[in-house]
Every structure is written in C-alpha cells, then in structure tokens.
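Survey of secondary and tertiary structure
Here's the letter readout for the chains.
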Amino acid sequence: MTPNVKGIVRAEEGEIYDIELDINILKANERLADENRKMLRKYGVKAIDVMGSIGSGKTSLIERMIEILKKRYRIAVFKGDLTTVIDAEMIARHGVESVAINTGRECHLDANLVSKALQRIDLGKIDLLFIENVGNLICPADFPLGSEKRIVVISVTEGPYMVIKHPFIFMDADIVAINKIDLAQAMGVDIEKLKHDVESINPKSVPVPTNCRSGEGVSEVIEALNL
Amino acid sequence: MTTQIVQSVLEEAQNHGAKRVIEVHLILGSLTFLNPGQVRFWFKVLTKGTIMEKSRLRIKRKEGTVRCDKCGYQGNFNYKDDPLYHVPIPTLLCPRCESMVEIIEGKECTIKSIKMFA
C-alpha cells in the first residue's frame, strides 16, 4: 500500500451471507462405497459384509465358511476391530489372506477404510472377500462398504430382544445368522420368535439358526449367499 | 460424525472468506443413528477456538419415508404391533398392499446452509 492510501474498503466486509451448501456427510461414504463396489466387480470379487453384536460369533462364522469354501474360492478377509490383530491372525491360520483394519476408536468400518484395505491385496488373486465389521448393531447400518451382500450375526446369549431393540440394522440385512442355538434352552430363548422378529422387520432377509462351534447351519448360510 | 460436520463447515466458510460463522443449518434423517442432543454437545466442544465458536446449530429432523413400487404408496413407515412384546416394530412391508417397500428418505445428514460474517 502506498503511503497516501488510508486503507481499503471492501464492499463485502462486514456483510452477513447465507451460503447454500447441501453437503451430505453420509453421501461421501456412499460414493466411496460405490467405488469399492465397482472395483470389486471389475475383478469379479464377491464381497460379503459381516456385521453383528460383540461376541455373537462373526469370526467363528467366517472361519466355518472358509473351511467349506476354500477349495472352491480364493478367499480374503478384512477384519475390523478397534485394536489387536488376534482375530486377523486366527483367520490367517486357515491359509487365506487376512488384513486387519484397526479403527482405533470408531465403532464401525467405513468405505474409506475398506478402500485402503483393498489396496493391500491383489484383487486379481481372489474371488471372495469377507469384510467383518466391528461388533456393533447400531452404527454400521449408516455406513455401506461396497459389499454385495450383508450378513448380521446375533446369538441367543444376548437375550430374546436383540432384534426388536435394533430394528434398523436388520432392514439392510440379506441374511441373519442366529448363532449359539445349542444354548437356546439354557438361555430360555425361543429361536422361532427371533426368526419371526427378523421376518416381520425385513421379509426379504433370510434368518438362519447356526451353531458355529459344531458347524450346524453354516451350509445354509452359504446357500443363502448363493456361493 | 460431528467432527466431519465441523470440518466441512470450516472448509466451506474459509473458502467463502468468512471471518465468523453465525449459524449452521443441518438436516438429520430419523433413520440415521445420530442423536440431535449429542450432535449439539460435540458441536459445542469441537467448534471451540475456531471461527465457528458460539455459532447457532439449527437441526431439522427429516422423517423416514418409504415407497412401494407395487401400489405406489409413499409415506411413513409401517409399524406392526407385536402382541407378544406390546411394542410397535418398524417393518419394510407396505402399509397398503404388504409388498416390500424401499427406503427413500430418512438417512440424511446434510449441511443445508451456513450463515457467515465476511
């Protein structure tokens, strides 16, 4: 500024503006999920999102499915957890590719984390991908990841009201595995009632009673996945 | 989520040469797992020390809407009363013809607009 100029008056200074934005925070995740889906399709990889409550048996279900499917498919697993690689190692012992996704604090996986994990594996060398979400029946429902099918795992040890207490996650589920059926009697839980709850919320989803320790029901889950 | 909301607003406000953000207008769908009270709390915490501090957060709730491709119904969710639990359970069945419906609204978390001081 030359010494003679006393200052600049900007017309917009001191004004109040309304700015229209329309930024959908969840849309950003949806867009990334679509990109993941396209990428997986390009390589002909079928991706299955496995969600469910803590300790319901998500990892066990994936392990049992791997045992049956690993002769027919080249499999990889993304294993979401806040911390630790305990489960990811457990899965790697089955001789399939395993990537741990540690969220740190977040209670769910998002499409961005999955997209980073996708860069870690050679998609040309697999044809089936299980994405195990962090144990949670709430937040994962807000964050599609780009998978083709979604399984929700619950178990009878969580009591008889697990489904009706968390209706929204079941609206997005293709298959609902009701696990630990061997303990149903001890827990006083009626499996038929749980199945009825799932069907009344989302008639399109398939409820499958399972016991992931003995393997009971696992082939029905595989059948429902068209694998 | 609130971190993402605050970050997006800060970015836009700076792009528009804002000195201070006065108001943020947010739309929350009732099918998201975001609780307005909690969003407000974190908004207050996260905006401290930024040009958004003390800005007003207006939250508009958007109800869940479904559409039936079979009979053309468009509107609220159908709730089924379960005699065993005595609670209404939301269902994806059309209230008019009992076919499967599609969710078309209610999953939004949208920053609609901001009011800023330049």
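What comes next concerns the included structure. Computed from a predicted model, the values in this text were never measured in an experiment. (Residues numbered from 1 in each chain as written. Chains lettered and ligands numbered in written order. Predicted model: local features only at pLDDT ≥ 70, side-chain atom pairs only at ≥ 80, totals over all residues.)

As for the sheet that holds strand 1 (residues 16-24) of chain A
Spatial ordering of the open sheet is given by 1(A)-8(B)-1(B)-2(B), a layout of four strands whose pairing is mixed. Two strands bound the open sheet, and with one partner strand each, they are strand 1 of chain A together with strand 2 (56-62) of chain B. Ignoring strand direction, the axes of neighbouring strands in this sheet form an average angle of 15°. The pairing of strand 1 (residues 20-29) of chain B with strand 2 of chain B spans seven bridges and is classified as parallel. Within strand 2 of chain B, the position partnered with Ile27 of chain B by the bridge is Lys60 of chain B. Contacting strand 1 of chain A together with strand 8 (109-117) of chain B, helix 1 (residues 25-42) of chain A crosses the sheet at an angle of about 35° to strand 1 of chain A. (Pairing = 2+ DSSP bridges. Helix = DSSP H or I, 4+ residues; strand = E, 2+ residues; numbered from the N terminus. Axes fitted to C-alpha atoms, helices over the stretch in contact; angles between N-to-C directions. Contact = placed C-beta atoms within 7 Å.)

Considering the interface of chain A and chain B
The partner chain B presents 31 residues to the 27 residues of chain A that form the contact. Of all the elements in the fold, those that place two or more residues in the side of chain A that touches chain B are strand 1, helix 1, helix 6 (167-171) and helix 8 (191-201) of chain A. In terms of residue count, strand 1 of chain A provides more of the side of chain A that touches chain B than any other element does, nine residues in total. Looking at the side of chain A that touches chain B residue by residue, the classes come out as 16 nonpolar, three polar and eight charged. (Nonpolar A, V, L, I, M, F, W, Y, C, P; charged D, E, K, R; others polar.)

Re the environment of His196 of chain A
Residue and element names in this part refer to chain A. In this fold, His196 is placed in helix 8. The class of His196 is partly exposed, set by 15 C-beta atoms lying within 10 Å. Spatially, the C-alpha atom of His196 lies 27 Å from that of His108, the residues being 88 residues apart in sequence. (Buried ≥ 20, exposed ≤ 12 C-beta atoms within 10 Å, placed from the backbone.)

Description of the packing of helix 1 (residues 2-15) of chain B against helix 2 (residues 36-47) of chain B
Residue and element names in this part refer to chain B. At a minimum axis separation of 9 Å, helix 1 and helix 2 run at an interaxial angle of 50°. By the angle between their axes, helix 1 is oblique relative to helix 2. Considering the relative orientation of helix 1 and helix 2, their crossing is right-handed. Here Thr2, Thr3 and Val6 of helix 1 come into contact with helix 2, specifically with Val39, Trp42, Phe43, Leu46 and Thr47. (Parallel < 35°, antiparallel > 145°, perpendicular 65-115°, else oblique. Left-handed = near helix turned anticlockwise from the far one by under 90°.)

Examining helix 2 (residues 58-69) of chain A
For helix 2 of chain A, built from twelve residues, the straight-helix expectation of 16 Å at 1.5 Å per residue is met to within 8% by its first-to-last C-alpha distance of 16 Å. All of the buried residues in helix 2 of chain A are Lys58, Thr59, Ser60, Leu61, Ile62, Glu63, Arg64 and Met65 of chain A. (Expected span 1.5 Å × (residues − 1).)

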